[in-house]
Amino acid sequence: MEPFFMALILLAIYLICALLSPFLTSERRCPRPKLPLPPGTLGWPYVGETFQLYSQDPNIFFASKVKRYGPIFKTHILGCPCVMVSSPEAAKFVLVTKSHLFKPTFPASKERMLGKQAIFFHQGPYHSKLRKLVLRAFMPEAVRSKVSDVESLAIDCLKSMEGRSIDNTFLELKTYSFNVALLSIFGKDEMTYREDLKRCYYILEKGYNSMPINLAGTLFHKSMRARRELGQILAKILATRRQRKFQHDQHHDLLSSFMGDKESLSDEQIADNIIGVIFAARDTTASVLTWIIKYLAENPTVLQAVTEEQEAVIKSKGESGKQGMLTWEDTKNMPLTSRVIQETLRVASILSFTFREAVEDVEYGGHLIPKGWKVLPLFRNIHHNPEIFPEPEKFDPSRFEIAQKPNTFLAFGNGTHSCPGNELAKLEILALLHHLTTKYRWSLMGPLDGIQYGPFALPQNGLPIRLFRR
Ligand code: HEM
């Protein structure tokens, strides 16, 4: 045989072996396990199954894996070996029972943008301290003092959308959720800095999903500059509050809670956590509201029932002589509307999953989860499991008339890092729905199917609608 062809054949054999090696050796790349790894494949070297995940609807990717391998399986995405868990028991194990063995994990670029000291990135004593301060500002007692201010923001938001075609409902609702977040963080003070905060935050968030290349002109670079400016604005706000000595006498907003702590946080820790809370509060709530507006338009009987419930709230206030703004008690007397929120959170599952990392080798269900591997509880798969929620794609708020089994409804997470803002989010949504259903009607414009992820699940194009007075 010609040496040239011989060389070609050898080269081809070498390439085939190189390509097949991950399949042949994938188990051996891991720390020598005493127990078997969960079933599944790690895919190609370095890229793993990233292309498979991102070239299709992620839900189809996860669902096909669950069908093939069961509720716990391994894969390899974005350069990391991962274990995906999609049973309520396994999610509880990771998030609650053995949460100390699974630390939160995010890409380094996200840490740089939000700030390394933000609550999401920590566990242990620093996390517990932050959580206590955050919960103090968002517990029901603190949230109830905000009802009328949140309601005023809801009324303003709807007025600003009235009578026009809304190209992107999500974007409009983001303004509302941003304003509510600022209210919960700063109370009604610091108005003068708000526009600057918004301007910088809007630039910062544009970089969240960008390539982390910090070169002049890139989105990431602009975001990092805006992040620095945000730090400076927040430093001015802190200085102003210190002069006014507000920190010792009230704990109704997050900043007071942070500043009033005896072993107080540093300015940098406060800034990182304020930006972190805006990040956690804004797109999530706006995205859920956008889905509710879609589902109500598509389910006229449910819309009618919600409207009647909300009209009854207005009527009962009239009868008791307490006309006017909503009260905390009113918001706790909206059972059907609350079930609509729960069912939307389940069907839309805006946070499809969360990330953790095993801090040591962990055994679960006869399998090894090796130290350093990412572990992803798949909220959406649990919410769409027909054995837990029959006909899971159907929007049916009545399924929440009976209490759900433990660890099956994880819209606000569970355990150590579960959402401390859930009371505020519910109030914010209820206040807007109260005015939306009793004063307005809307029609959906544009494609009705299709989900986009950015990173939260969202109706296609942010749901274009037309909103008009009833
Ligand atoms: C409907 C809207 C919301 C949804 C669906 C939601 C969902 C979640 C989920 C699932 C987690 C846990 C993530 C994990 O375990 O990795 C979480 C954490 C968090 N959320 Fe929310 N959230 C919402 C609104 C809010 C609001 C309004 C705030 C603040 C005012 C907030 C603040 C936070 C914070 C600070 C954390 C981190 C807690 C920690 O690490 O200890 N969220 N949220």
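Under an unreviewed UniProt entry, the protein has the name (+)-abscisic acid 8'-hydroxylase and belongs to Trapa incisa. The Catalytic activity (unreviewed entry) comment attached to the protein in UniProt states, word for word, "2-cis-(+)-abscisate + reduced [NADPH--hemoprotein reductase] + O2 = (+)-8'-hydroxyabscisate + oxidized [NADPH--hemoprotein reductase] + H2O + H(+)". Taken from UniProt, the Cofactor (unreviewed entry) comment for the protein reads in full: "heme".

Participant: Would you mind showing me how to read the overall build of the protein here?
Facilitator: Check the secondary structure of the protein and you find 18 helices and 12 strands. Here the protein has a C-alpha radius of gyration of 25 Å; the compact-globule value for 470 residues is 23 Å, and the two agree. Here the protein holds 470 residues, and 50% of them are scored as buried. In the protein, of all internal contacts separated by at least 6 residues, the share reaching a separation of at least 24 is 72%. In the form shown here, the protein has an accessible surface area of approximately 22300 Å², with 59% of it arising from carbon and sulfur atoms. The positive charge centre, built from 59 side chains, and the negative charge centre, built from 47, are 4 Å apart in the protein.

Participant: I'm lost on the coordination of the iron atom of the ligand in this one. Help?
Facilitator: Tetrahedral metal sites with four donors have an ideal angle of 109.5 degrees; octahedral sites with six donors have ideal angles of 90 or 180 degrees. Only one protein atom coordinates the iron atom of the ligand: C419 (SG), located 2.3 Å from the metal. Mapped onto the secondary structure, C419 falls in the loop between α17 (379–383) and α18 (422–439).

Participant: What am I meant to see in the nonpolar core here?
Facilitator: Side chains of nonpolar character tend, in soluble globular proteins, to be buried together. The biggest cluster of nonpolar side chains holds 94 residues, and the ones touching the most others in it are Y176, F186, Y201, F258, I274 and L296. In terms of residue count, the dominant contributor to this core is helix α13 (residues 267–298) (15 residues). In this structure, F258 is in contact with L130, L133, V134, L265, I270, N273 and I274, ignoring residues within four places of it in sequence. Judged by nonpolar contacts, the second largest core, of 17 residues, contains A358, Y364, L368 and W373.

Participant: Any chance you could explain the packing of α13 against helix α14 (residues 300–319) here in plain terms?
Facilitator: In a pair of packed helices, the angle between the axes and the distance between the axes together describe the arrangement. Interaxial distance between α13 and α14 falls to 5 Å at its minimum, and their mutual angle equals 110°. The orientation of α13 relative to α14 falls into the category roughly perpendicular. Packed against α13, whose contacting residues are L296, A297 and E298, the element α14 presents P300, V302, L303 and V306 at the interface. Its residues assigned to classes, the contact of α13 with α14 comprises 6 nonpolar, no polar and 1 charged.

Participant: Hey, could you run me through the pattern of salt bridges in this one?
Facilitator: Opposite charge on two side chains allows them to pair when their charged atoms are near. Evaluation of the coordinates by the stated rule reveals 23 salt bridges. For E205, the salt bridge identified is with R282, shortest N-O distance 2.8 Å. Placement of the pair is E205 in helix α10 (residues 191–206) and R282 in helix α13, with a sequence separation of 77 residues. Among the residues examined, E205 registers a relative accessible area of 19% and is labelled buried. With its nearest N and O atoms 2.8 Å apart, the salt bridge here joins E357 to K374. Within this pair, whereas E357 is found in strand β5 (residues 356–358), its partner K374 is found in strand β8 (residues 374–377), the two being separated by 17 residues in sequence. We note that E357, like K374, is buried. Residues joined in a network through salt bridges with shared partners are K174, E205, R282 and D283.

Participant: Is there a simple way to think about the site of the ligand in this case?
Facilitator: Around the ligand sit 27 residues, and of these H127, R131, T354, H417 and C419 come closest. H127 is positioned with one of its side-chain polar atoms (N or O) 2.7 Å from an oxygen atom of the ligand. Within the side chain of T354, an N or O atom sits 2.5 Å from an oxygen atom of the ligand. Among the elements of the structure, α6 (125–138), α13 and α18 are those that each provide at least two residues to the shell around the ligand. If you tally residues by element for the shell around the ligand, the top one is α13, at 6 residues.

Participant: When you look at the side chain of S184 in this model, what are you seeing that I'm missing?
Facilitator: Within the secondary structure layout, S184 lies in helix α9 (residues 169–186). The contacts of S184, once residues within four sequence positions are left out, are F138, K146, D253, L254 and L424.

Participant: Before we go on, may I ask you to explain the sheet that holds strand β9 (residues 440–444) in this structure?
Facilitator: The pairing of strands in a sheet comes from backbone hydrogen bonds and takes either a parallel or an antiparallel form. Judged by pairing direction, the sheet is antiparallel, and its 3 strands sit side by side in the order β4-β12-β9 without closing on themselves. Lying at the two open borders of the sheet, with one neighbouring strand each, are β4 (165–166) and β9. Relative to strand β12 (residues 465–469), β4 runs antiparallel, the two sharing 2 bridges. Within β12, the residue paired with I166 across the bridge is I465. On top of the sheet, helix α8 (residues 147–161) reaches β4, β9 and β12; it is set at about 110° to β12, its chief contact. Across the sheet, α18 is in contact with β9 and β12; its angle to β9 comes to roughly 90°.

Participant: In this structure, what is going on with unusual backbone geometry? I would like to understand it.
Facilitator: Both trends apply: most residues other than glycine have a negative phi, and most peptide bonds are in trans. Look at S349: it is not a glycine, yet its phi comes out positive at around 35°. The backbone phi angle of E391 is positive, close to 45°, even though this residue is not glycine. Within the secondary structure layout, E391 lies in the loop between α17 and α18.

Rules used throughout
- Residues numbered from 1 in each chain as written.
- Predicted model: local features only at pLDDT ≥ 70, side-chain atom pairs only at ≥ 80, totals over all residues.
- Heavy atoms only, no water.
- UniProt positions renumbered as here; feature names shortened; annotations may be inferred.
- Helix = DSSP H or I, 4+ residues; strand = E, 2+ residues; numbered from the N terminus.
- Rg over C-alpha atoms; globule rule 2.2 N^0.38 Å.
- Buried < 20%, exposed > 50% of the residue type's maximum accessible area, 1.4 Å probe, protein only.
- Contact = heavy atoms within 4.5 Å.
- Areas by Shrake-Rupley, 256 points an atom, 1.4 Å probe, with all protein chains shown as cover.
- Lys, Arg positive; Asp, Glu negative; His and termini not counted.
- Charge placed at Lys NZ, Arg CZ, Asp CG, Glu CD.
- Donors = N, O, S within 2.8 Å, 3.2 Å for Na, K, Ca; no water.
- Core = buried A, V, L, I, M, F, W, Y, C linked by side-chain atoms within 4.5 Å.
- Axes fitted to C-alpha atoms, helices over the stretch in contact; angles between N-to-C directions.
- Parallel < 35°, antiparallel > 145°, perpendicular 65-115°, else oblique.
- Nonpolar A, V, L, I, M, F, W, Y, C, P; charged D, E, K, R; others polar.
- Salt bridge = Lys/Arg side-chain N within 4 Å of Asp/Glu carboxyl O.
- Near = heavy atom within 4 Å.
- Polar contact = N/O pair within 3.5 Å; in protein donor to acceptor, adjacent residues only side chain to side chain.
- Pairing = 2+ DSSP bridges.

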